[in-house]
Amino acid sequence: MSVSPNFLIRVFSPRVVYMAIKSFDRSTAVIIGLAWAVACLMLFFASLSIRGVVDSKREALLALAQEPVLPKITTAPIRLNNIEPILSRLKRQFPEINIDQREGKFLTLRSNDGALFHQWISALSYIDSMTPEIRWDLREFCVGACGGGGGLMSATLVGREVSISLPPK
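All of these numbers come straight from a predicted model, not from anything done at the bench.

S.K.: An account of the overall build of the protein is requested, with residue identities and associated values reported.
M.R.: If you tally the helices and strands in the protein, you get five helices and five strands. Tracing the protein from N to C terminus, the helices and strands come up as α-α-α-β-α-β-β-α-β-β. Here the C-alpha atoms of the protein give a radius of gyration of 42 Å, more than 25% beyond the 15 Å that 2.2 N^0.38 yields for 169 residues. Along the first, second and third principal axes, the C-alpha set of the protein runs to 120 × 35 × 25 Å. Counting all 169 residues of the protein, 20% fall into the buried class. Here the contacts in the protein between residues at least 6 apart in sequence split such that 57% fall between residues at least 24 apart. Accessible area of the protein: about 12800 Å², with a carbon and sulfur share of 64%.

Okay, structure coming up:
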């Protein structure tokens, strides 16, 4: 079924359209006018909604771009194979200081000689700076009359391995 172009020209000619509009009664014109007004109003509100969504997305992306990317920091107890080289290095560097390992994770530095105080403090400082991937915390610190066979100077440290990585996306 094909429609000839001459038929379309006759149907949509200005005279036929004018006669069709003139034949509408008043109630039909009001209904068609209201339908067009509601359609235009809905188009206006839809465009406002789309604009609000686009603005919200732009603000969210801007806030996300301004938020800093923080690294993920994880800690774990120090492994025994990591503490052995530290212990041997400390004993070689500070032979006058008594350095022991307890329970696989504690290091104890002791001395009964007050003249070795500077070396004892230096050993504590050296432990913290020699391995940046291991974080050392003081568990016990005593200078003077230390109880429990600690001697004159005693410090017990516990180590934790710290790793810093990029955050998950």
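Having seen the model, we can carry on.
S.K.: Any details on the packing of aromatic side chains? Residues and values, ideally.
M.R.: Per the stated rule, a full pass over the model turns up four aromatic pairs. Aromatic side chains Phe44 and Phe45 sit 5.7 Å apart centroid to centroid with 55 degrees between the ring planes, which places their arrangement in the tilted category. The class for Phe45 is partly exposed, based on a relative accessible area of 45%. Between Phe94 and Tyr126, the aromatic rings sit 5.9 Å apart at their centres with planes inclined by 70 degrees, giving edge-to-face as the arrangement. With a gap of 32 residues between them, Phe94 in the loop between α4 (80–93) and β2 (98–102) and Tyr126 in helix α5 (residues 117–130) connect regions that are remote in the sequence. According to the relative accessible area criterion, Phe94 is buried, its value standing at 10%. Of the aromatic side chains, those joined through ring pairs into one cluster are Phe117, Trp120 and Phe141.

What counts, and where the lines are drawn
- Numbering of residues starts from 1 in every chain and runs along the sequence as written.
- Totals for whole chains, interfaces and linings use all residues, but because this is a predicted model, local features are given only for residues with pLDDT of at least 70 and pairs of side-chain atoms are given and counted only at 80 or more.
- To get the side-chain values, all heavy atoms of the structure are used, and hydrogens and water are removed first.
- A run of H or I in DSSP becomes a helix once it reaches four residues, and a run of E becomes a strand once it reaches two; helices and strands are each numbered from the N terminus.
- Just to be clear, the radius of gyration here is over C-alpha atoms, and the globule rule we use is 2.2 Å times residues to the power 0.38.
- We call a residue buried when its accessible area falls under 20% of the maximum for its residue type, exposed when it is over 50%, and partly exposed in between, using a 1.4 Å probe and counting protein chains only.
- In what follows, a contact means two residues having at least one pair of non-hydrogen atoms within 4.5 Å.
- To measure how exposed things are, a 1.4 Å probe is used in the Shrake-Rupley method; for residues, cover is taken only from the protein chains shown.
- Stacked, tilted and edge-to-face are the three classes applied to pairs of Phe, Tyr and Trp rings, where Trp contributes its six-membered ring and a pair requires centres within 6.5 Å; stacked means planes under 30 degrees apart, edge-to-face means over 60, and tilted covers the rest.

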